[in-house]
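Geometric and topological summary
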Amino acid sequence: MKLNLKRREYANTYFDYSLLFMIFFLIGFGLIMIYSASAYDAAISSNSNNDPAFYLKKQAAAAILGIVVMLVVSRIDYHFWERFAVIGYVVSVILIGLVLSPLGMEINGARRWLNLGISVQPAEIAKLAMVLFLATLICHMKKGIRTKKGFWLVLLSPAPICVMVWKITNNLSSAIIIFGIAVLMLFVASPEYKIFFLMGGGVAALAGIVVLAITKIDSLAKLGFRSARILAWLNPESDPANKGFQTLQSLYAIGSGGIFGKGLGQSMQKLGFLPEEQNDMIFSIICEELGLVGAAFVMLMFIIILWRFMVIANNAPDLFGALLVVGVLGHIAIQVILNIAVVTNTIPNTGISLPFISYGGTSVLFLMIEIGLVLSVGRGIKLRRL
């Protein structure tokens, strides 16, 4: 009888090892590419003590901590975190506000970090907090989500944090990601799809009008910072030494990589030409060193990860679990799409990292926490005995 009970328990246990393998692969691949992209700059920079492995060591430490936290979170029932949804929202607001205090840190001209013994980027914490808060809010509203009041309540609930991230930390890309997470979660939970298409069309039309208006301005000197970026996006050669510089260097890297690339470690653009090569622009280095084949393989890995998210969300035990997975899916999908779009000059240049691969300790740590939540939801799936 005991043997049969153990077999039944084993049959009901689910763990997505394929998702875990893909995450470990991307982290390992990211460490290799971070070292390849940053070794030259680190070796000649006094900020890194002239240590070629400076960025690799810091990222590896964050990744190891993230893996440990992920495994712990994956063993905790995901319903446990529901009670911290409002607290997480409030803490995110406080941490973003503290960027203006003496605890705020400025790195590469951007004040987006806090010095809490270690550097922490509040926007990354806000992304996780928003996923948890919206999943909890939608579940508590139940059928109220079908009303106009409920719809707009959910849609506008991330607005305060989005505005703070945008204005206080001057990080428009993270604000867009946070709002995008809210839109996707609401899209999944709401039966009204028509309004989303209308909103999407309206945003696209407004963006077209703004771009058209900017093109009518005949001087970069008359443009604001973001407007100049849009003009440089349309024509990088118009300002090759300033706003168009990073975009042009990125495109040079991608074009010179060809089909199979120059070989791992053989990038030329990382030798002082391409800014943020280990961070926002690491996909350019991948294209240059590993070619179109390497870039396609990386994108395939992300597609498989998103597919595993969809499998877990579709089979989640309840709506709360499904929404948590959808929120994480939205976060990673939006960030990957925006990063690759920026690198290939499909959209205007804005600072945004490639999940699991770009350099950034706070980013990888909180991404791993999100993966732990997804795995926890997966553990709640009941398998049917055959």
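As shown above, the structure is provided for reference.
A brief report on the enclosed structure follows. (Residues numbered from 1 in each chain as written. Predicted model: local features only at pLDDT ≥ 70, side-chain atom pairs only at ≥ 80, totals over all residues. Heavy atoms only, no water.)

Ordered in space as 1-2-3, the 3 strands form an open sheet in which the pairing is antiparallel. With partners counted over all chains shown, the strands left at the sheet margins are strand 1 (104-107) and strand 3 (119-120), one partner each. Judged from the 4 bridges that link them, strand 1 and strand 2 (residues 110-115) form a sheet pairing that is antiparallel. By the bridge assignment, G104 is partnered in strand 2 with L114. (Pairing = 2+ DSSP bridges. Helix = DSSP H or I, 4+ residues; strand = E, 2+ residues; numbered from the N terminus.)

Where helix 8 (residues 172-189) contacts helix 13 (residues 319-343), the axes come no closer than 9 Å and their chain directions differ by 135°. For the element pair helix 8 / helix 13, the angle class is oblique. Considering the relative orientation of helix 8 and helix 13, their crossing is right-handed. Two secondary-structure elements touch here, helix 8 through I176, I177, G180, I181, L184, M185, V188 and A189 and helix 13 through L323, V326, G327, L329, G330, H331, I334, Q335 and L338. Of the residues that constitute the contact of helix 8 with helix 13, the class distribution is 12 nonpolar, 5 polar and no charged. (Axes fitted to C-alpha atoms, helices over the stretch in contact; angles between N-to-C directions. Parallel < 35°, antiparallel > 145°, perpendicular 65-115°, else oblique. Left-handed = near helix turned anticlockwise from the far one by under 90°. Contact = heavy atoms within 4.5 Å. Nonpolar A, V, L, I, M, F, W, Y, C, P; charged D, E, K, R; others polar.)

Now for the pairing of strand 2. Sheet faces and side chains relate simply in a regular strand, where the side chains alternate between the two faces. Between strand 1 and the antiparallel strand that follows it, strand 2, lie 2 residues; N108 among them carries a positive phi value of about 55°. Pairing between strand 2 and strand 3: 2 bridges, direction antiparallel. From the neighbouring strand, L114 faces strand 3, where its bridge partner is V120. With antiparallel pairing between neighbouring strands as the criterion, strand 2 and strand 3 make up a hairpin whose turn holds 3 residues, including G117 at a positive phi of roughly 90°.

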